[in-house]
Each structure stands twice: as structure tokens, then as C-alpha cells.
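Residues per chain, in single letters:
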Amino acid sequence: MAEIGKTVLDSGWIAARSTEVDVDGVQLTTTNPPAVSSESRWMEAVVPGTVLGTLVKNKAVPDPFYGLENEAITDIADSGRDYYTFWFFTKFQCKWLLNQYVHLNFRAINYSAEVYVNGHKTVLPKGMFRRHTLDVTDILHPENNLLAVIVNPPDHPGTIPPEGGQGGDHEIGKDVAAQYVEGWDWICPIRDRNTGIWDEVSISVTGPVRIIDPHLVSTFFDDYKRAYLHVTAELENKSTWNADCSVNIQITAELENGVCLVEHLQTENVLIPAQGRIQHTFKPLFFYKPELWWPNGMGKQNLYDILITVDVKEFGESDSWMQPFGFRKIESAIDSVTGGRLFKINGEPIFIRGGNWILSDGLLRLSKERYRTDIKFHADMNMNMIRCWGGGLAERPEFYHFCDIYGLLVWQEFWITGDVDGRGVPVSNPNGPLDHDLFLLCARDTVKLLRNHPSLALWVGGNEQVPPKDINEALKEDLRLHSYFETQLLSDKDSDPSVYLDGTRVYIQGSMWDGFADGKGNFTDGPYEIQYPEDFFKDTYYKYGFNPEVGSVGMPVADTIRATMPPEGWEIPLFKKGLDGFVEEVPNRMWDYHKYIPYSKPGKVHDQILMYGTPENLDDFCLKAQLVNYIQYRALFEGWSSQMWTKYTGVLIWKNQNPWTGLRGQFYDHLLDQTASFYGCRSAAEPVHVQLNLASYFFEVVNTTSKELSDVAIEASVWDLDGNCPYFKVFKIVSAPPKKVVKISEFKYPKAENPKPVYFLLLKLYNVSDKAVISRNFYWLHLPGKDYRLLEPYRKKQIPLTITCNVVMVGPKYELEINVHNTSRADLAKNVVQEDRKRDLGLLQKLFSRCVVSADSNRGLKVVEMKGSDSGVAFFLRFSVHNAETEKQDTRILPVHYSDNYFSLVPGESMSFKISFAAPTGMKKSPRVMLQGWNYPDRFSVFG
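- In the nomenclature of an unreviewed UniProt entry, the protein is known as Glycoside hydrolase family 2 protein of Arabidopsis lyrata subsp. lyrata.
- The UniProt entry for the protein carries the following comment under Sequence similarities (unreviewed entry): "Belongs to the glycosyl hydrolase 2 family."

## Side note on the overall build of the protein
At step 1: A count of helices and strands for the protein gives 14 helices and 46 strands.
At step 2: On the principal axes, the C-alpha backbone points of the protein span a range of 95 × 65 × 60 Å.
At step 3: For the protein, buried positions account for 62% of its 944 residues.
At step 4: The long-range fraction of contacts in the protein, counting pairs at least 24 apart against all pairs at least 6 apart in sequence, stands at 72%.
At step 5: Counting every atom, the protein has about 36,200 Å² of accessible surface; 49% of that belongs to carbon and sulfur.

## Some details on the nonpolar core
At step 1: Core analysis: the largest hydrophobic core is formed by 237 residues, its most contacted members being Leu 104, Phe 747, Trp 780, Leu 791, Phe 875 and Phe 879.
At step 2: Leave out the neighbours within four places in its chain, and Leu 791 touches Tyr 612, Leu 721, Val 758, Phe 760, Trp 780, Phe 875 and Trp 934.
At step 3: If you look at the next biggest cluster of nonpolar residues, it comprises 54 residues, including Tyr 224, Ala 233, Phe 287 and Ile 350.

## Brief notes about the environment of Tyr 288
At step 1: By the secondary structure assignment, Tyr 288 is in strand S16 (residues 285–288).
At step 2: Along the primary structure Tyr 288 and Glu 815 are separated by 527 residues, whereas in three dimensions their C-alpha atoms are 38 Å apart.

## Here's the deal with the domain arrangement of the protein
At step 1: In terms of domain boundaries, the protein breaks down into domain 1 (5–153 + 192–206), domain 2 (211–314), domain 3 (330–549), domain 4 (687–795) and domain 5 (801–836 + 853–943).
At step 2: For domain 4 and domain 5, the distance between their C-alpha centroids amounts to 25 Å.
At step 3: Across the boundary between the two partners, domain 4 contributes 19 residues, which contact 19 residues of domain 5.
At step 4: Interface area for domain 4 against domain 5, summed over the two sides, is near 1,800 Å², with a carbon-plus-sulfur share of 60%.
At step 5: On the domain 4 side of the contact with domain 5, Trp 719, Tyr 794 and Arg 795 bury the most area, a combined 28% of that side's loss.
At step 6: At the junction of domain 4 with domain 5, the criterion picks out two salt bridges.

## Here's the deal with the pairing of strand S23 (residues 385–388)
At step 1: Here S23 shows a buried face lined by Met 385 and Arg 387 and a second buried face lined by Ile 386 and Cys 388.
At step 2: Two elements, strand S22 (residues 352–357) and S23, share three bridges in a ladder whose sense is parallel. When the sheet's bridge partners are listed, Gly 355 is paired in S23 with Ile 386.
At step 3: Following the chain from S22 across helix H4 (residues 368–380) to the adjacent parallel S23, one finds a crossover that is right-handed.
At step 4: Traced from S23 through helix H5 (residues 397–406) to strand S24 (residues 409–413), the parallel crossover comes out right-handed.

## Quick look at the environment of Leu 366
At step 1: Inspection of the secondary structure assignment puts Leu 366 in the loop between S22 and H4.
At step 2: Residues Leu 366 and Tyr 66, 300 residues apart in the sequence, show an inter-C-alpha distance of 19 Å.

## Description of the sheet that holds strand S33 (residues 709–719)
At step 1: Pairing in this open sheet of four strands is antiparallel, and the strands run S34-S33-S36-S37 from one edge to the other. Because the sheet does not close on itself, it has two edges, and the strands there are strand S34 (727–736) and strand S37 (773–782). Neighbour-to-neighbour, the strand axes of this sheet turn through a mean angle of 15°, independent of strand direction.
At step 2: Strand direction decides the pairing type here: S33 and strand S36 (residues 758–767), joined by eight bridges, are antiparallel. Opposite Val 712, over in S36, you have Asn 767 as the bridge partner.

## Considering the pattern of salt bridges
Note on pairing: side chains with opposite charge can pair once their charged atoms come close.
At step 1: Applying the stated criterion across every chain yields a total of 49 salt bridges.
At step 2: Two residues, Lys 121 and Glu 114, come together in a salt bridge whose shortest N-O distance is 3.9 Å.
At step 3: Since its relative accessible area comes to 25%, Glu 114 is described here as partly exposed.
At step 4: The salt bridge partner of Glu 236 is Arg 210, with a shortest N-O separation of 2.7 Å. Linking Glu 236 in strand S12 (residues 226–237) with Arg 210 in strand S11 (residues 209–221), this pair joins segments that are 26 residues apart in sequence.
At step 5: Using a relative accessible area of 12% as the deciding quantity, one classes Glu 236 as buried.
At step 6: Here the salt bridges do not stand alone but share partners, grouping Glu 71, Asp 75, Arg 191 and Arg 193 into one network.

## Topic: the packing of helix H6 (residues 436–450) against helix H7 (residues 469–478)
At step 1: In contact at an axis separation of 10 Å, H6 and H7 are set at 25° when each is read in the N-to-C sense. Viewed along their axes, H6 and H7 adopt a mutual orientation that is roughly parallel. Crossing geometry of H6 relative to H7 is assigned as right-handed. Mapping the contact onto sequence places His 436, Phe 439, Leu 440, Ala 443 and Arg 444 in H6 and Asp 470, Ile 471, Ala 474, Leu 475 and Asp 478 in H7.

## Comments concerning the UniProt feature "domain: Beta-mannosidase-like galactose-binding" (unreviewed entry) in the protein
At step 1: UniProt tags residues 38–198 as "domain: Beta-mannosidase-like galactose-binding" (unreviewed entry).
At step 2: For residues 38–198, helix accounts for 7% and strand for 25%, while the C-alpha atoms at its two ends are 27 Å apart.

Definitions and limits used
Residues numbered from 1 in each chain as written. Predicted model: local features only at pLDDT ≥ 70, side-chain atom pairs only at ≥ 80, totals over all residues. Heavy atoms only, no water. UniProt positions renumbered as here; feature names shortened; annotations may be inferred. Helix = DSSP H or I, 4+ residues; strand = E, 2+ residues; numbered from the N terminus. Buried < 20%, exposed > 50% of the residue type's maximum accessible area, 1.4 Å probe, protein only. Contact = heavy atoms within 4.5 Å. Areas by Shrake-Rupley, 256 points an atom, 1.4 Å probe, with all protein chains shown as cover. Core = buried A, V, L, I, M, F, W, Y, C linked by side-chain atoms within 4.5 Å. Domains from an automatic or database assignment. Buried area = accessible area lost by both parts, 1.4 Å probe. Salt bridge = Lys/Arg side-chain N within 4 Å of Asp/Glu carboxyl O. Pairing = 2+ DSSP bridges. Right-handed = clockwise from strand over helix to strand, strands pointing away. Axes fitted to C-alpha atoms, helices over the stretch in contact; angles between N-to-C directions. Parallel < 35°, antiparallel > 145°, perpendicular 65-115°, else oblique. Left-handed = near helix turned anticlockwise from the far one by under 90°.

Rendered as C-alpha cells:
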């Protein structure tokens, strides 16, 4: 018997423009199969991917994300749809036997297509977000099979107005497709409108009965001690005889070291009529105290493997289906205190701190590894929710898989936006796509594709708009909750929850309705620009309980600018001062094209980069931008957290990343290098966090966990630019209750006699019993009416450092543990304020009792010493990893996962870091891990 299962067809594809191919699909897959040669127009294709991605790979067009090169690529509005209508061709082998069946599967195509297999034609209907399955059993050859697909662009690709705009001329909204492709205020137009075979293609072999779209649902009783797994699957009998089947379900849990425990094994017999389909619901499977799945920051992401197989009498195993599944319950309602939407996971409220997501790459170059990095980055930032914006994609199962793994809840929108669907400028079509039935078909198919992922938290009808009335009402009905998820009761009279299309999570009609923004659909999200950090803490900053979009700046590091733009794009903005004293930034044309957001808002916010002095060049500008980035986004999350449950239930930042080389709203750039805002967010969103309220200047402890903190203390120390400590105080806290914000005490140093105009503040929350640090937070601050210009001469301070590094290699992957120690000392006694001096001085002395790690006592560790004669804070240090062999200007190895970065160390302090990355293929020399900072403008090697 041939092996039952799936084979992915992701290599060996070639492509050509349809107008340059002289034969039809029948000939391509019979007598005239194409090949890549110097005489032919065929080229290696990117599948999954898009036409434009294929053209870029073959250098037939320039990289649209580099500089202004996108302007050199023909837009579909100018060329016509035929220009981006392409043939894709491949060969494959498939073995099957009598009573086995073979299906050709396309998980998504944009927008319509004709498929030819060995001369046989099938027309694939329209729609970007639908699956296609073709029975090709009777037309396959025993050996080589020829497959050709001609893919047509969206029917209404639209035109791009000279002024750009949100979704171009909005014509793309007439199709069921991604709407960002006509350009937005954060991305350039995508010239082919994402035409292509953009998701997985596969061949599947089954017996006479195949399994289709099982639905898994968990219910809980007795305070989560008892749980039931409900399973319904569609079974199709392809044969001409009645199939007597045994349907089996096996649930396993991974223990340690790859050992799995079989939790359940259940078999049920069913009879499926010839060429018929049935829906089979298993008897619920009982679990006692299952390991629950929790979002990031609340607990472990426990997953069970659910395996369903079907055996047919006198045939054997016919098909199998496997899905990792998390036992969890999600509830959502409008909070009576704040008016914001409140989410509960497994009965516990979760304060939402997350961000908006467009898609991984604007040319749909999607991969498991890219998704893994993207989602792990979000988890590393301590976020707990990602919103998949309605102008982008229905995200792929691989995206959701890593959200399951790393604990990111997902808000998934359907393909409606206010700009394109009724609220744009000029006013767009309010009736949505032309084909409402197609929209609903794609929506229902998307639900079936994604519904088993525990990370999927809610469905939303659209961005800043609701779907047309008939679509909205149909979605409300299709996605209505099962009665158990409304009443928490399940009686014998209720239908099994798994027979619903979903039934387990809410459907909200639009992103500003029903507990989001003002709840009524008015434009009450935002703003999307630079802010004064203290404003985020003010009660007047935002009126409503849950803000689905609030954004700000997003400048990357200088290396990224040089890697993504020619030299004329390296010019920094002009600073144009107005009569009112505010400065307007005037960026160069490339920055403007890449949607740069200035660090000033004339009339509202003074330029935040100029707070550090006028930048001299690109490196200086980008470094000062990182200082602003860190403060800006830390303050945003800290401001929202400060009013957790009293004013807010959550916030989502606009936006987390860019699907191209944009210069706004991002925590990491398109090349996967983190900005300082990444680590500002990581600090502010940690589950237990000590912070300074920048509006009230009170110390606060934010405890988002379900555990009470007791016998803890806060250590607050101020450091001036001379390396002295004029303020040190310890605040003992009796307790910090779960899910609460505790206001501790006022920070009085700014009101002290002769406070320094610029100073550093280090906060540590620790257990009194063992001095273990729970939360560490470092600020640089200035007195009211002052700025940070005194930090400019501080650059010349030579602060001594000792760095120790240990490395472990597993194949091409490097795991480094690095300790950085500021070995400078301060004259403590004469600098500490008199208040509580005797009590606190002893604690302060302990701060400097740590020993420098030496090579002699730690064999195998590399030790690097940076000599310096000055005492003070080692300010704004940053690791980076580089390829010592490359001749490219950009030597960075990306991506890299850092446990922390953009950090500062007070005199005597040390911190440990973990760094992990994979070395580039073929690299022989060790990579170099470099360190630089405000006091260390030149990178120096700490490893390699």
C-alpha cells in the first residue's frame, strides 16, 4: 500500500508571464512542458509566494523595498492585469494503489486560476482566502506528473492616486482580497497586488474515506478539575461501496525528553454510504485536571497532540489528522467599571498589552522560520495579544501554531476596512465586496482552518468599520456562541459544542464597537504620533477602556538605513524651527516614501530627538532616536498599566512591525533587528513591574499575575553624571495583591535641594528574604523645563567594564551567556541624602559587593576588559552580532534573540544576558558579538 499522508510541493516550480507563453495549459502538461533556459522566458518561481516575489528573486525587477526602487516597477494599474497574469509549472511524482485516492490541495491562491494536470483542466473560483481541493486520482501517471497553473490578479486592482491614500482608490475592496496592496500611510503600493500561489500546495493520498476539518472544543466543570474534549469531524467516502469504519482518536501529552504519555485512546464505529459524507461526533472524552493552556505571562502553554485516524474494514488505515490542542476557556464581556472589553482566560482576567499586526512580508514570502521569529519576538516583548488587522491577511496556520507555542492571543479580523469600505477619503463603497456570498464562503472556510488554535481569541468583522448588513448578520449567526459559553452550563438537551462552526469565542462586528474605543464605531482610536511620555499616565489622555490602536515613532538603527537605502537616503531630516518655537522635521524623499513619522509634532510636541542635542549624522540621529523610542513605548505601556482595571482593560499598539522597510510604528525592522522600543516594551509589560508614574512621580508596582507578592521591597537609587549617588531609599511593601496596581510613595528627589538637571534613576523590586530581583527598571530623567543635552558631554566618560562570555554550540546555533559588570566605584557615604542614611547605607554597600568574574576562576570563559578611569553609569549599551567573513556593508547576523538589550549599568552593577542565533550557512569563522553604547561609540568584540 502506498503511504497515506501529505506531500508539500514547495520546490521545483518555474514561472512565466502568460503573454510570453505561446502554448496553452493542455500543451504545457502534455507535449510541451517548459524548462528554464537562456532562450525561454521561464524562470525559477517562488511558491508559495507571489508574481512580484518571483520577479524579485530572478532580478527581473529591482527590490521594491530598497530606496525608491518601487517607483521603477510597473504598477498593474498602468500595465493592465495581463502583465501580472503568470503561469506556474512543476513536476511531481505520486504513488498510489487501488482504492486509494489522491487530492491536489491549494491552501490559497490570489485571485483566480486555471489548473492543468496532465492535460486535464480545472477552473479555480475567485477569492484570496479559500482552500481548493481537487480529486486528481484518475488523471495521474504512475511516474512523472505535470502541473501548470495560470493565476489571474484580483478583478479590481485599482489605481493609485498621486497623493497615495489609504487603500488607493479603494477599488480593491470590490474583491475578497487583502486591501493594503493599494498602499496605505505605512506602506507603498504592491505592484502586482499580491497575485500568486501564495500559500501551501500539496498532494495528499488517502484510502476510500478521508477526514475533513475536525472541530475540537473543551468544556470545564468543578473549577477546571473536570474537563471534556468534544470532537466532530466530517468523513467523506470516495468509494462506490458502503464503508464500515473504525474512527479512532488518540490524545497524547509530551512529558520530558520527548517522552509522550497517551492520555486517551477511543474508537467508534461508523458506516458511511457510498460516495457520501457524514458528520461524526465522538462521545466526549473526559479529563481530570488537564494541564491548561495559558497566554504569555499567565502560565505555561500546555499542548496535547490530538490524532484522529480512520480505518476502513477490508482496507486498513484510510486517513489521519493531527492537531496540537490547548485546553483553555476564553470569556469576553464589556467591563462594568471601565466600559472596555474584558477578557478572561480559564476564569482569570487578563490585562491586554499587545499590538497590531499586518503580515510578515508584503510580498508574501512567508515561512515557518520567519513566523517563529516574529511570534517569539512578540513573546519576548511580554505581549499577550496580536491583532490581525482587517486590511491584511487571514493569517496562516503556521502563524497560529507559533502563537499557540508562545502564548499570544490573536484577534482575527475579516477583510473589511473603514477606508476602503465606506469611510474613506473620498468616501468609498459601503457595500463591501461585490460578491457577498464569496465573502461569506471565504469567512466560513477561514474559521474551519483556524478554529482549533487555543491562541485564537475572537473574530472581528472589520477595521474601523462593520461589514455590510447582510454579511454582518450572517457572521453573527454563523459565529454565535454555544449556550455553554454563555451560561457555563451544559445539559443533555444542548447540542455538542463541536458541531458549531465555532461557538467558543465572541464575534465583534468592528474594531471600534462593543467595548473597543468608544464602543459605538466613532473614530476614537489613535493617536499615531510622537507624544510627551508623561501624557500616557494622565487621566485625560484617553477616554475609553480599551484602545485598539495607538501608535508612535519607529526609527530603526543606522545599519538598517544603510542596508535598505542608497547614500542619498542616509541624509537626516532638516530641523525647521517655526515662529511658535516648535520644530518641524523635513525628511529626505526616501524617508518620506518609506512613511517616516517625525519625532516632533509642531504645535503639540517639541522635537524629542533635539532634547539630546542636534544630531550630527545618521549614526547620531538613529542613536538618539533609539533613546526616544525606548522612553516612548515604555511610557505608553506603563501609562496604561498604571490604570489597570480602574480605567483600562487593555491597549494594542499600532503597530508591532512592518511588512516592508517602513520607518514608522515598529518594534523591530523588516530585516529583523530590534529597535530600543522593543526593550522598552519588554520592560514595561513584564508580569510584575516596578515603575515611576511620570505624571504623579509616585513609585508603583504593577502585579498582573494571579499571585500575591508579599515581603518585597523597592530599592530606588539616583545617579548623577559625575558617578555619585545623591539619593538612595528602600521602601518595604507588605504586599502587592494579584491583578492590582499598588501606589508606593512619592519620588522626592526632584524636589530636593539642588537636584541635578539630568540624572539616572534605578528601581529594583526584590524579595526581602533572598534579595532576588523581581523587576528592574532604569530611567534617565531631567528636571521640569530642562532637557537631556548634558548627556552629550557625558559621552566622553570612560567607564570601565568587565565582560565575561560563555558559549554553547548546537549545530549552527549559538547560545551565549554574557555577564557585563560596571567596575567603576562611587564615593557613597558623602553622596547619599541624609534621610534614612544609616539604615539605607548598609543596603547600598551590598550593591557593590559583587566580585568581577575572572578568567582564572572560571575556566573556559572569555573575559574582556574595557579600561576606564571615570566613575559613572555605563549608559545605553547594545549588543549586536556580526559575520566576520562577509564583504557586504551590512555585517549583521539576523535575527538574534537577546534576553535584554539597550541597557545601562550603575557603578558596581552587573547583569547577565542570554543571546541565541543561528550562524549563516557556510560560515567558517566564529561570529562576532559586539558591544557599543553611549560611552562606547566604537563597537568592540566580546566574543569571536
